[in-house]
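# Descriptive structure summary
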Amino acid sequence: MNEIRPIEPDLGGLETLHEVEQKLLWLASWMIHNANHLRPNRDGLKVGGHQASCASVTSIMTALYFEILRPQDRVAVKPHAGPVLHAINYLFGRQTIEQMAGLRQFGGAQAYPSRTKDGAEIDFSTGSVGLGVALTSFASLIQDYVRAHGLSDPTAPRGRHIAIAGDAELDEGNIYEALLEGWKHDVRDVWWVVDYNRQSLDSVMPDRLFGRFEGLFRDMGWRVISLKYGARLEAAFARPGGSSLRGWIDDCPNSTYSALTFQGGAAWRQAILADMGKSRNIRAIIDPLSDEELGALMTNLAGHDLGTLTSAFRAAAASDQPTVFLAYTIKGMGLPFAGHKDNHAGMMTVEQMDAFRASLRIRPGHEWDRFEGLRAPEAVERFIQSVPYATPLTPSGRRLPAAAIPIPETLPQPRIVGRRMSTQAGFGEILSEIGRAQGESAAMSKRIVTMSPDVAVSTNLGPWINRRGVFDRHTRDDVFRDGKLASAQRWGTDPGGQHIELGIAEQNLFLLLGAAGLSHDLNGVRLLPVGTVYDPFVNRGHDALFYACYQDARFLLVSTPSGITLAPEGGQHQATNTPLLAIVQDRLASYEPAFCDELAIMLRHAFAHMQKPDGSAVWLRLSTQILPQPERTLNAEHVIAGAHWITPPAPGAEIAIAYQGAVAAEAEAAFATLREDVPGAGLLAITSPDRLYAGWRQAQRNRRLGQPATSHIETLLAPLAPSAALVSVLDGHPAAHAWLGGVRGNRIMSLGPDHFGQSGDIPDLYAAYEINAAAILDACAEGLLPAR
Ligand SMILES: Cc1ncc(C[n+]2csc(CCOP(=O)(O)OP(=O)(O)O)c2C)c(N)n1
Ligand SMILES: [Mg+2]
């Protein structure tokens, strides 16, 4: 096994830092070892963990957390370095042995850092590679936003947003989308520290990539700091003949370098001598070294050199320019599989772990002891207490307190009754009214921040933006306005604007919603973020949406237009799966109104719900379908619970029609005909299959626990005869409603497009996809047949 780098007595403060680094390497390795070898395994599955990925980044994290970071900085740690982060928090007294010993166990430390499960020390969750990295850029933008709006304490220092990234994360396209967007918004105070081990999961990366990365970042206005060789190698390069040694390593293909690292000192010697053995200068450098010393020299990369790392970070801290550090490392550094291309999921054996423990002077039974085996435990303890990051951001952790924003009982609203309008248009008008708000709703409107990936105008955000302006750190003129050229949109930007305009990249929208939706925790400033996107392109950003929900970010997503109802716009835009996504996505309460009075209730609910400790983000699916707006009094609680009767069924009724969203008029027309034959039939408006389903599940759970419970949908369906048929219809996949038949055992005929992809007008498409009044009546006829 490769020897751990010996302590160099003349290193001064670095010696202590090196002790910390070795302790972290041990604890991370032990955590994974413990999880895999020392716990009972009930299911025969590999528990897993990534000792090599942790070892690769341990020096970088040591330098950052113990020398550079300040409490206000926010960090996204690459998923596979979770154990290192837990070990760091443990040394700071913010993580328990029980949690670490429970790594990857139910209730224990999570496989990858998780805000919601690992507690208040985690700034950003990670897991889906690339997203955590990009999120730091958007979080920095939001920090600028809240400061520019005077919402946070101006005397508090700005935090730096740091991603500790794996190099394979740079393969993810969302990184480059975020880079472009960051450039447009002139982001600052962002560091991406890349653990450049040139290994991903499967393999060693091609050498040619490096130059590409450097160029790409520079083009986007980033400072690129390449940290390649450590102090000892640099010293060797400075000796006579050293430049040819540098050239030799520079030219050494990544895969060869990795293989030699794995093989160790003798292999290095053989390879160097084969190419440069005739050079007396080279021999003067390598001959006096033992195999072990030669191996240590040749693997002295900057990403493992605490002195090089800390001085590079310190020097870079003087500027707020976004900066990427390409820190060369070796995957598995210091462990027996260092450099081996298959080491991603590699794990030390029990014997190897024993040898590693002995080399660190750790006694069996003392594996978790903080200072066990250290040469100067008191000095290390004193040092840890003295580092800036040791000061907790708040007494209870890294979550800042943020006051809730009062939401008025009813939102300011335009006149709606009697008009013919779509929910999309209604959304634009209500938001515009909110934008005009004075008095009670002014506090709320100040905290709304809208965002959209190049579809602000076509999702009806235009009037809101005209009132509230577009955000930019820099004031930029609106050439059209200043030139008095007629335009409905006023697009000058300034630091007080409340709309953040994004380029057409949906993942960025969801990352920005995620960042804004965590602002209460990260900046101590509650925002009410509203993002608009075309409904089908939720799919394009879905992983980032999932990621935002996973972190419990709070925002309102408005997706519009939706379904086949957008008709002539073209088949490719006609997503039918979004109502299903809306049901299955945790931490996202989803609604689809048919009329604008429902929409107003939902919007109000969204702004309140996203602020509640047990609330969540909210998704509204809207439509361009134009419907006459009814005059009626709604039961807001029913709208929020997921459905309300338009016409309640007579007791024991044999049939009911249930509709969702844009197809309301078709359902109403079918219902009018049905009532002629079946006077007791009911008409149900479904506003949220998601909430209905969640309520039903919860009631079932409660009953199993012996607690009486009846869900909203059970109550609503109770008057129907047990044999009654339900005919349901939505402009989305019918499976979104099919489960309704299971609630009380009713037969269900679910209508909805299960194919898509045709242009046409609404009459043609509703007929072709069987969601028009005639199709609903056909389904009713089938429903009224005696059950087979
Ligand atoms: C979006 C996504 N795709 C795939 C994976 C599976 N995966 C986990 S780590 C990894 C490669 C990581 O390589 P790198 O980022 O270089 O990390 P390191 O070498 O430091 O382990 C892959 C493909 C993932 N976590 N997320
Ligand atoms: Mg890698």
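Preceding block: the structure.
The structure contained in this document is the topic of the report that follows. (Residues numbered from 1 in each chain as written. Chains lettered and ligands numbered in written order. Predicted model: local features only at pLDDT ≥ 70, side-chain atom pairs only at ≥ 80, totals over all residues. Heavy atoms only, no water.)

### Details of the site of ligand 1
Which entries qualify depends on this criterion: Put simply, a residue is near a molecule or strand once any heavy atom of it comes within 4 Å of that molecule or strand. Polar contacts here mean pairs of N or O atoms no more than 3.5 Å apart (in protein, one a potential hydrogen donor and the other a potential acceptor; neighbouring residues in sequence count only if both atoms are side-chain atoms).
Neighbouring ligand 1 are 18 residues, the closest being S53, K78, D167, Q199 and K331. A distance of 2.5 Å separates an oxygen atom of ligand 1 from a polar side-chain atom of D167. The backbone of A168 places a nitrogen or oxygen atom 2.9 Å from an oxygen atom of ligand 1.

### Quick notes on the packing of aromatic side chains
This is how the line gets drawn: Side-chain rings of Phe, Tyr and Trp (the six-membered ring for Trp) are treated as a pair once their centres are within 6.5 Å; stacked means planes under 30 degrees apart, edge-to-face means over 60, and tilted covers the remaining angles. Secondary structure is summarised from DSSP: a helix means a run of H or I of at least four residues, a strand means a run of E of at least two, and numbering begins at the N terminus for each. Throughout, exposure labels follow a simple rule: accessible area from a 1.4 Å probe, protein chains only, divided by the maximum for the residue type, with under 20% read as buried, over 50% as exposed, and the rest as partly exposed.
This structure, assessed with the given rule, holds 22 aromatic pairs. With a centroid separation of 4.6 Å and 50° between ring planes, the pair formed by W192 and W222 is classed as tilted. Residue W192 is found in strand β3 (residues 190-196), and its partner W222 is found in the loop between α8 (209-219) and β4 (223-227); the two are separated by 30 residues along the sequence. Here W192 falls in the buried class, since its relative accessible area comes to 1%.

### Remarks on the sheet that holds strand β2 (residues 161-166)
Whenever strands of a sheet pair, they do so through backbone hydrogen bonds, lying parallel or antiparallel. Defined as follows: Whether two strands pair depends on DSSP finding at least two bridges between them. Every angle, taken between N-to-C directions, lies between 0 and 180 degrees, and every axis is a line fitted to C-alpha atoms, over only the stretch in contact when it is a helix. Note on definitions: a residue-residue contact is assigned when non-hydrogen atoms from the two residues lie within 4.5 Å.
Within the open sheet, the 5 strands sit side by side as β1-β2-β3-β5-β4. Their pairing is parallel. The open sheet has two free edges, formed respectively by β1 (74-77) and β4, since each of these has just one partner strand. On average, adjacent strands in this sheet sit at an angle of 15° to one another, irrespective of strand direction. The sheet contact formed by β2 and β3 spans 6 bridges and is parallel. Residue pairing in the sheet places G166 in a bridge with D195 of β3. The sheet contacts of helix α2 (residues 51-68) involve β1, β2, β3 and β5 (323-328), and relative to β3 the element is tilted by about 150°. Across the sheet, helix α6 (residues 131-148) is in contact with β1, β2 and β3; its angle to β2 comes to roughly 175°.

### A few points about the pattern of salt bridges
Cut-off, in case you're wondering: Basic side-chain nitrogens of Lys or Arg form a salt bridge, by our definition, when they fall within 4 Å of a carboxyl oxygen of Asp or Glu.
Taken as a whole and assessed by the stated rule, the structure comprises 36 salt bridges. The residue E429 makes a salt bridge to R419 at a minimum N-O spacing of 2.6 Å. Of this pair, E429 sits in helix α18 (residues 423-436) while R419 sits in the loop between α17 (377-386) and β6 (420-421); the two residues are 10 residues apart in sequence, bridging distant segments of the chain. Residue class for E429 comes out partly exposed when judged on its relative accessible area of 25%. Residues R587 and D552 are paired through a salt bridge, measuring 3.6 Å at the closest nitrogen-oxygen approach. Of this pair, R587 sits in the loop between α25 (578-584) and β13 (588-591) while D552 sits in the loop between α24 (542-550) and β12 (556-559), placing them 35 residues apart in sequence. Here D552 falls in the partly exposed class, since its relative accessible area comes to 21%.

### Here we look at unusual backbone geometry
Geometrically, the link from T560 to P561 is a cis peptide bond, its omega value of -5° lying close to zero. If you trace the backbone, P561 turns up in the loop between β12 and α25. Positive phi, close to 65°, is recorded for D454, a residue that is not glycine. The residue D454 is located in the loop between β7 (448-453) and α20 (462-468) in this model. On the accessibility criterion, D454 (46% relative accessible area) is partly exposed. Even without being glycine, D552 reaches a positive phi, approximately 65°.

### A closer look at the pairing of strand β18 (residues 682-686)
Counting buried positions along β18 gives 5 out of 5 residues, so the element sits mostly inside the fold. Residues G682, L684 and I686 line one face of β18 and the alternating positions L683 and A685 line the opposite face, and both faces are buried. Relative to β18, strand β16 (residues 643-647) is paired through 4 bridges, and the arrangement is antiparallel. Of the residues in β18, the one forming a bridge with A643 is I686. One ladder, built from 5 bridges, connects strand β17 (residues 655-660) with β18; its direction is parallel.

### So, the sheet that holds β16
On the basis of which strands lie adjacent, the open sheet formed by 5 strands has the order β16-β18-β17-β19-β20 and mixed pairing. Edge positions in the sheet fall to β16 and β20 (747-751), since each of these pairs with one other strand and no more. Neighbour-to-neighbour, the strand axes of the sheet open up by a mean angle of 20°, direction not taken into account. Pairing geometry for β17 and strand β19 (residues 725-730), over 6 bridges, is parallel.

### What to know about helix α16 (residues 350-359)
In plain terms, the rule: Throughout, the arc means that of the directions going from the helix axis to the C-beta atoms.
Buried residues of α16: M353, F356 and R357, and no others. An end-on view of α16 places all buried positions within 100° of arc, on one side of the element. For α16, exposure combined with an orientation more than 90 degrees from the buried face picks out E351 and A358. Those residues of α16 that are buried are in contact with α1 (13-37) and α2.

### Some remarks on the side chain of D118
Note the following rule: When charges are counted, Lys and Arg contribute as positive and Asp and Glu as negative, whereas His and the chain ends are disregarded.
Relative to the elements of secondary structure, D118 occurs in helix α5 (residues 115-118). Despite being buried, D118 has no salt bridge partner; K117 is the closest side chain of opposite charge, sitting 8.4 Å away. Engagement of the side chain of D118 in a polar contact is seen with the backbone nitrogen of Q110, the distance being 3.0 Å. Beyond its immediate sequence surroundings of up to four residues, D118 is in contact with H86, G108, A109, Q110, Y112 and P113.

### Brief notes about the coordination of the magnesium ion (ligand 2)
By definition of the ideal shapes, a tetrahedral metal site with four donors has angles of 109.5 degrees and an octahedral site with six donors has angles of 90 or 180 degrees. What counts here: The donor definition counts N, O and S atoms within 2.8 Å of each metal and applies 3.2 Å to Na, K and Ca; water is not among these atoms, so some sites may look incomplete.
Only D167 (OD), N197 (OD1) and Q199 (O) from the protein coordinate the magnesium ion (ligand 2), and they sit 1.9 to 2.2 Å from it. All donors to the magnesium ion (ligand 2) come from one chain, and their sequence spacing reads D-x29-N-x1-Q. Placement of the pair is D167 in the loop between β2 and α7 (173-184) and N197 in the loop between β3 and α8, with a sequence separation of 30 residues. For the pair D167 and N197, one class covers both residues: buried.

### A short note on the environment of I434
Among the secondary structure elements, I434 is positioned in helix α18. Residues I434 and K446 lie 12 residues apart in sequence; the distance between their C-alpha atoms is 9.5 Å. Not counting the four nearest positions on each side in its chain, I434 is found in contact with L411, P412, M444, S445, I448, W464, R468 and F607.

### Examining α17
Quick reminder: α-helices carry 3.6 residues per turn. Residues three or four places apart thus point the same way. Within α17, burial applies to V380, F383 and I384. Down the axis, α17 shows its buried residues gathered within 100° of arc, on one side only. Turned more than 90 degrees from where α17 packs its buried face, E378, R382, Q385 and S386 sit exposed. In this structure, the buried side of α17 is in contact with α1, α2 and α3 (82-91).

### As for the nonpolar core
Nonpolar side chains in soluble globular proteins tend to be buried together. Selection criterion: Residues enter a nonpolar core if they are buried and are Ala, Val, Leu, Ile, Met, Phe, Trp, Tyr or Cys, with the set joined through side-chain atoms within 4.5 Å.
Grouped together as the largest cluster of nonpolar side chains are 91 residues, with contacts concentrated most on W192, W248, I500, F510 and F555. When residues in this core are grouped by element, the largest group, 10 residues, is from α6. Beyond its immediate chain neighbours, meaning those up to four positions away, W192 contacts V133, A134, T136, S137, A163, I175, L179, F217, W222, T323, V324 and F325.

### Notes on the side chain of R115
Here R115 is to be found in helix α5. When residues no more than four places from it in sequence are discounted, the contact partners of R115 are I122, D123, F124, S125, R399, L518, D521, L522 and Q551.

### With respect to the pairing of strand β10 (residues 499-502)
In β10, alternate side chains face the same way, and those of H499 and E501 on one face and I500 and L502 on the other are all buried. One ladder, built from 4 bridges, connects β7 with β10; its direction is parallel. Paired with M451 across the bridge in β10 is I500.

### Description of the packing of helix α11 (residues 254-263) against helix α12 (residues 265-276)
Geometrically, a packed helix pair is captured by the angle between its two axes and the distance between the axes. Applicable threshold: Any angle that falls under 35 degrees is termed roughly parallel, while one over 145 is termed roughly antiparallel, one within 65 to 115 roughly perpendicular, and all others oblique. Only Asp, Glu, Lys and Arg are considered charged, only Ala, Val, Leu, Ile, Met, Phe, Trp, Tyr, Cys and Pro nonpolar, and every remaining residue, Gly among them, polar.
Direction vectors running N to C along α11 and α12 enclose 135°, while the axes themselves pass 6 Å from each other. Here α11 lies oblique to α12, going by the angle between them. Judged by residue contacts, Y257, L260, T261 and Q263 of α11 engage G265, A267, W268 and A271 from α12. Each residue belonging to the contact of α11 with α12 can be placed in one class, and the counts come to 5 nonpolar, 3 polar and no charged.

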